[in-house]
Amino acid sequence: MKRASSIRGFTLLELMIVVAIVGVLMAIAAPGWNSFKNRQALNAAQQEVLGAMRESQKKAIHHRRKWQTSFREKDGRTQWSTHPAGELPLEGSWNNLPSDVKLDEETTLRRVKGVRRVQFDHRGNVNGQLGRLALSPKDGGSMKRCIVVSTLLGAMRSGEDQARKDNGKSCW
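Residues numbered from 1 in each chain as written. Predicted model: local features only at pLDDT ≥ 70, side-chain atom pairs only at ≥ 80, totals over all residues. Heavy atoms only, no water.

Caption draft 1: Seen up close, the pairing of strand β2 (residues 77-84). Among the eight residues that make up β2, seven are buried, leaving the element largely enclosed by the rest of the structure. Pairing between strand β1 (residues 67-74) and β2: eight bridges, direction antiparallel. By the bridge assignment for β2, Phe 71 is matched with Trp 80. Counting the residues that bridge the hairpin from β1 to β2 gives two residues, and of these Asp 75 lies at a positive phi of roughly 50°. (Buried < 20%, exposed > 50% of the residue type's maximum accessible area, 1.4 Å probe, protein only. Helix = DSSP H or I, 4+ residues; strand = E, 2+ residues; numbered from the N terminus. Pairing = 2+ DSSP bridges.)

Caption draft 2: Examining the layout of surface pockets more closely. Roughly 270 Å³ of internal volume is contained in the largest pocket. Around the largest pocket, the lining residues are Gln 68, Ser 70, His 83, Gly 86, Glu 87, Leu 88, Pro 89, Trp 94, Val 112, Lys 113, Val 115 and Arg 117. Looking at the lining of the largest pocket, the elements that each hand over two or more residues are β1 and β6 (115-120). (1 Å grid on protein atoms, 1.4 Å probe; cavity = no way out; pocket = protein on both sides within 12 Å on 5 of 7 lines; lining within 4 Å. Points joined across faces, edges and corners; volume = space filled by probe spheres on them.)

Caption draft 3: Summary view of a nonpolar patch on the surface. Residues Leu 13, Ile 17, Ile 21, Val 24, Leu 25 and Ile 28 make up a contiguous nonpolar surface patch of roughly 610 Å² in combined accessible area. You can see Ile 28 is positioned in helix α1 (residues 12-63). (Patch = residues over 30% accessible without salt bridge, like charges linked within 9 Å, V, L, I, M, F, W, Y side chains within 5 Å. Areas by Shrake-Rupley, 256 points an atom, 1.4 Å probe, with all protein chains shown as cover. Salt bridge = Lys/Arg side-chain N within 4 Å of Asp/Glu carboxyl O.)

Caption draft 4: Focus on the pairing of strand β7 (residues 131-137). A large share of β7 lies buried, amounting to seven of its seven residues. Across the two faces of β7 the burial is the same, with Gly 131, Leu 133, Leu 135 and Pro 137 and Arg 132, Ala 134 and Ser 136 all buried. Note: strand β4 (residues 101-103) against β7, three bridges, orientation antiparallel. Of the residues in β7, the one forming a bridge with Leu 103 is Leu 135. In this sheet, strand β8 (residues 145-149) lies alongside β7 in antiparallel orientation, the contact comprising five bridges. Of the residues in β8, the one forming a bridge with Ala 134 is Cys 146.

Caption draft 5: Here's a closer look at the packing of aromatic side chains. In the structure shown here, the tally under the stated rule is one aromatic pair. Both rings, one in Trp 33 and one in Phe 36, keep their centres 5.5 Å apart while their planes meet at 35°; by these two values the pair is tilted. With Trp 33 and Phe 36 both in helix α1 and three residues apart, the pair spans about one turn of that helix. Residue classification places Trp 33 among the exposed residues on the basis of a relative accessible area of 55%. Judged by relative accessible area, Phe 36 falls into the partly exposed class, the value being 37%. (Phe/Tyr/Trp six-rings, centres within 6.5 Å; stacked < 30°, edge-to-face > 60°.)

Written as structure tokens, this is what we have:
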């Protein structure tokens, strides 16, 4: 049988050393984790936006009329909606992108009444408005993702930030 005085725990010094080691490891891992989280959110938002644009293009062909994908920032959130061109989307038809993603200043899609848009005609062609939608993290940094409407035939491609700029833009 052991006496109560022989049962020992950790000393205060040992606990302080463990806390210091954990603190150093967290300081090393935190920037990498934040970068990983931003990259994942941007990739998810980029795929969602590209899918929405392709959906509008398909609906334009199917319904034989102009359709558009609209983008806006409201209440600190970036939102998108697909709808027939010339009609305002219903308030409940807006979809939110991840909360830590914003429209970047490199976005060149046409803005009408505060809403960025890309339109497709009854054949799925863009109605003369080429451009890009660029996304970046709200907390800053140089990481960007974009969707480029690159031809009048409605070809779209995704891109990301590049070291070499193209026409002053880093996302292409």
